[in-house]
Amino acid sequence: MKNDRHFTSRMLICAGALMTVSGLLFAICVKLVYGGIFLAAASCMFFAARSFRIKENNDDSEEKKDE
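This report concerns the structure included in the present document. These numbers were taken from a predicted model, which means no experiment stands behind them. (Residues numbered from 1 in each chain as written. Predicted model: local features only at pLDDT ≥ 70, side-chain atom pairs only at ≥ 80, totals over all residues. Heavy atoms only, no water.)

**Structural notes on the overall build of the chain**
Next up, step 1: Across its full length, the chain carries two helices and zero strands.
Next up, step 2: Against the compact-globule benchmark of 11 Å for 67 residues, the chain has a radius of gyration of 16 Å, which places it well outside the compact range.
Next up, step 3: The dimensions of the chain, computed from C-alpha atoms along their principal axes, are 55 × 15 × 10 Å.
Next up, step 4: Expressed as a percentage of its 67 residues, the buried residues of the chain come to 15%.
Next up, step 5: For the chain, contacts bridging at least 24 residues in sequence account for 64% of all contacts bridging at least 6.
Next up, step 6: Element-wise, carbon and sulfur atoms account for 67% of the exposed surface of the chain, whose accessible area totals about 5,200 Å². (Helix = DSSP H or I, 4+ residues; strand = E, 2+ residues; numbered from the N terminus. Rg over C-alpha atoms; globule rule 2.2 N^0.38 Å. Buried < 20%, exposed > 50% of the residue type's maximum accessible area, 1.4 Å probe, protein only. Contact = heavy atoms within 4.5 Å. Areas by Shrake-Rupley, 256 points an atom, 1.4 Å probe, with all protein chains shown as cover.)

**What to know about a nonpolar patch on the surface**
Next up, step 1: A cluster of nonpolar residues, F26, V30, V33, Y34 and I37, forms a patch on the protein surface that exposes about 470 Å² of accessible area.
Next up, step 2: At three residues, the largest contribution of residues to the nonpolar patch is made by helix α2 (residues 32-66).
Next up, step 3: The residue V30 is located in the loop between α1 (7-29) and α2 in this model. (Patch = residues over 30% accessible without salt bridge, like charges linked within 9 Å, V, L, I, M, F, W, Y side chains within 5 Å. Salt bridge = Lys/Arg side-chain N within 4 Å of Asp/Glu carboxyl O.)

**What about the environment of H6?**
Next up, step 1: Relative to the elements of secondary structure, H6 occurs in the segment before α1.
Next up, step 2: H6 gets classed as buried once you look at its relative accessible area, which sits at 19%.
Next up, step 3: When neighbours within four sequence positions are excluded, H6 is seen to be in contact with R53, E56, N57 and D60.
Next up, step 4: Engagement of the side chain of H6 in a polar contact is seen with the side chain of E56, the distance being 2.9 Å. (Polar contact = N/O pair within 3.5 Å; in protein donor to acceptor, adjacent residues only side chain to side chain.)

**Quick look at the pattern of salt bridges**
Next up, step 1: On inspection of all chains with the given rule, the structure shows two salt bridges.
Next up, step 2: Between R53 and E56 there is a salt bridge whose closest N-O contact spans 3.9 Å. Within this pair, R53 and its partner E56 are both found in helix α2, separated by three residues, close to a single helical turn.
Next up, step 3: You can call E56 buried: its relative accessible area is 10%.
Next up, step 4: Between D59 and K55 there is a salt bridge, with its nearest N and O atoms 3.1 Å apart. Taken together, the residues D59 and K55, both in helix α2 and four residues apart, mark about one turn of the helix.
Next up, step 5: Taking the relative accessible area as the measure of exposure, K55 reaches 48% and is therefore partly exposed.

What follows is the structure, encoded as structure tokens:
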């Protein structure tokens, strides 16, 4: 994982995008409530990806300070 520091945040963004598409399809085809649940889960994934990215960037800046 040393070579790809932002892998976790990128994968969470991909999962959030897929969850958003699923939420929209559920809202259109099945019920609005189910779509809302999926969209809420997608927003949680995006916020998790954001906090992972901030943590990864902080780790990068600390390593640069040590050098």
